[in-house]
Amino acid sequence: MSPEYRTRSLLGPLARDRFKKAGMVASLALVVATGVVSPSVAAAQGVTGHATATNRYGGDECKHDSKKHMSMAFGAPHGGDKDKCKGATGATGPKGATGATGATGPKGNTGATGATGATGATGTGATGATGGTGATGGTGATGATGPCADIDASQDSNNFEVRSVLTPGTPARTYAGIRDLTGATPGPFLWTDLTSHPDYPQNACGVSVAQHSLGGQAEGDLRVDVVTTAGTVWETNCQIVTSNRTLNCDNNAWVLVNRQPAAGAVNGGTIVP
């Protein structure tokens, strides 16, 4: 039959496509029901046929619901066909109100104790006030007796001079001395040690000397006295040789002076037995 004498369809392209799809779906349903092909194969063939039909009529990429197309083909209202092509994205709506603050969570565990800090610098405090004067301490014990030393001199004539000396030591030593005065200058002292004479007091601490002229005789009398740390007085004597201004002590002994000094005595004293 010539194309120009072919009867034109009263349906438009969209309606014709819908009828084709409906027939295709009906054919698939029949084939599946008779068991000729499996449902998966039929579904694949249906998809292929739909894509071909879409491309045939204008290449529209918007996908239409096949069930709705079928309902349109079989007399469903035109309003049931909704186009799924998406329009432009609408403007973002206003930000919602901030929600209420949630309840306070439980208290966390106590953290570990931190390391000990470095020691601070030593501070200098102000000087405190001066304290009051303390009470006077008691009298200390009497110290040991210090070393004894003493000297004495006598001169009864122009011819000579005599002296006695006590030097410190254990025991303190006692000396008698004489020197010549007849020359242009005084002569040297000549000393005699009396410490080794009998009964010399070991605790002698003071000394004195006295001379007695015999009035023109060749010799005179010299006396040397010592006082001890106990307060007793001892004496010995020597002869003065005026011819050569020397002493002759002859190892004379030491004797206690009679009487001894006594506390409170007046022209008296302690008698030596």
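Cut-offs used in this document
Residues numbered from 1 in each chain as written. Predicted model: local features only at pLDDT ≥ 70, side-chain atom pairs only at ≥ 80, totals over all residues. Heavy atoms only, no water. Helix = DSSP H or I, 4+ residues; strand = E, 2+ residues; numbered from the N terminus. Contact = heavy atoms within 4.5 Å. Areas by Shrake-Rupley, 256 points an atom, 1.4 Å probe, with all protein chains shown as cover. Phe/Tyr/Trp six-rings, centres within 6.5 Å; stacked < 30°, edge-to-face > 60°. Buried < 20%, exposed > 50% of the residue type's maximum accessible area, 1.4 Å probe, protein only. Polar contact = N/O pair within 3.5 Å; in protein donor to acceptor, adjacent residues only side chain to side chain. Pairing = 2+ DSSP bridges. Axes fitted to C-alpha atoms, helices over the stretch in contact; angles between N-to-C directions. pLDDT = per-residue confidence, 0-100. Salt bridge = Lys/Arg side-chain N within 4 Å of Asp/Glu carboxyl O.

From N to C terminus, the protein includes three helices and nine strands. Mapped in sequence order, the helices and strands of the protein form the string α-α-α-β-β-β-β-β-β-β-β-β. In the protein, the share of contacts with a sequence separation of at least 24, taken over all contacts with a separation of at least 6, comes to 41%. Taken as a whole, the protein presents about 19500 Å² of accessible surface, with 55% of it coming from carbon and sulfur.

It is worth spelling out the packing of aromatic side chains at this point. The tally for this structure, following the rule as stated, stands at two aromatic pairs. Between Phe189 and Trp191, the ring centres sit 5.4 Å apart and the planes meet at 20 degrees, which makes this aromatic pair stacked. We classify Trp191 as partly exposed; its relative accessible area is 43%. Ring geometry for Tyr200 against Trp254: centres 5.4 Å apart, planes inclined by 70 degrees, an arrangement best described as edge-to-face. In this pair, Tyr200 sits in the loop between strand 4 (190-193) and strand 5 (204-212) while Trp254 sits in the loop between strand 8 (246-248) and strand 9 (255-256), placing the two residues 54 residues apart along the sequence. Taken as a pair, Tyr200 and Trp254 share a single burial class, namely buried.

What follows covers the side chain of Arg179. Looking at the secondary structure, you find Arg179 in strand 3 (residues 173-180). Separated by 3.0 Å, the side chains of Arg179 and Glu161 make a polar contact. In this structure Arg179 touches Asn159, Phe160, Glu161, Arg163, Pro186, Gly187, Pro188 and Phe189, once residues within four positions along its chain are discounted.

Remark on secondary structure: sheet strands pair via backbone hydrogen bonds, oriented parallel or antiparallel. The strand order 1-2-3-4 describes an open sheet built from four strands, whose pairing is antiparallel. Only two strands of the sheet have a single partner each, and these edge strands are strand 1 (150-154) and strand 4. Sheet twist, expressed as the mean angle between neighbouring strand axes with direction ignored, is 20 degrees. Examined bridge by bridge, strand 3 and strand 4 share four bridges and lie antiparallel to one another. For Ala176, the partnering residue across the bridge sits in strand 4 and is Thr192.

Before going further, it helps to examine the confidence of the model for the protein. For the protein, per-residue confidence averages 76 on the pLDDT scale, and residues scoring 70 or more make up 65% of the total. Across the protein, element-level confidence peaks in strand 4 with a mean pLDDT of 98 and bottoms out in helix 2 (residues 39-56) with 43. This model gives residues 1-11 a pLDDT under 50, and the stretch forms four contacts once residues within four places in sequence are excluded. Confidence drops under pLDDT 50 across residues 64-81; counting only partners more than four residues distant or on other chains, this segment forms 20 contacts.

With that settled, consider the pattern of salt bridges. One pass over the full model with this rule turns up five salt bridges. A salt bridge links Asp221 to Arg223; its shortest N-O distance comes to 3.3 Å. Overlapping salt bridges bring together Glu161, Arg163 and Arg179 as one network.

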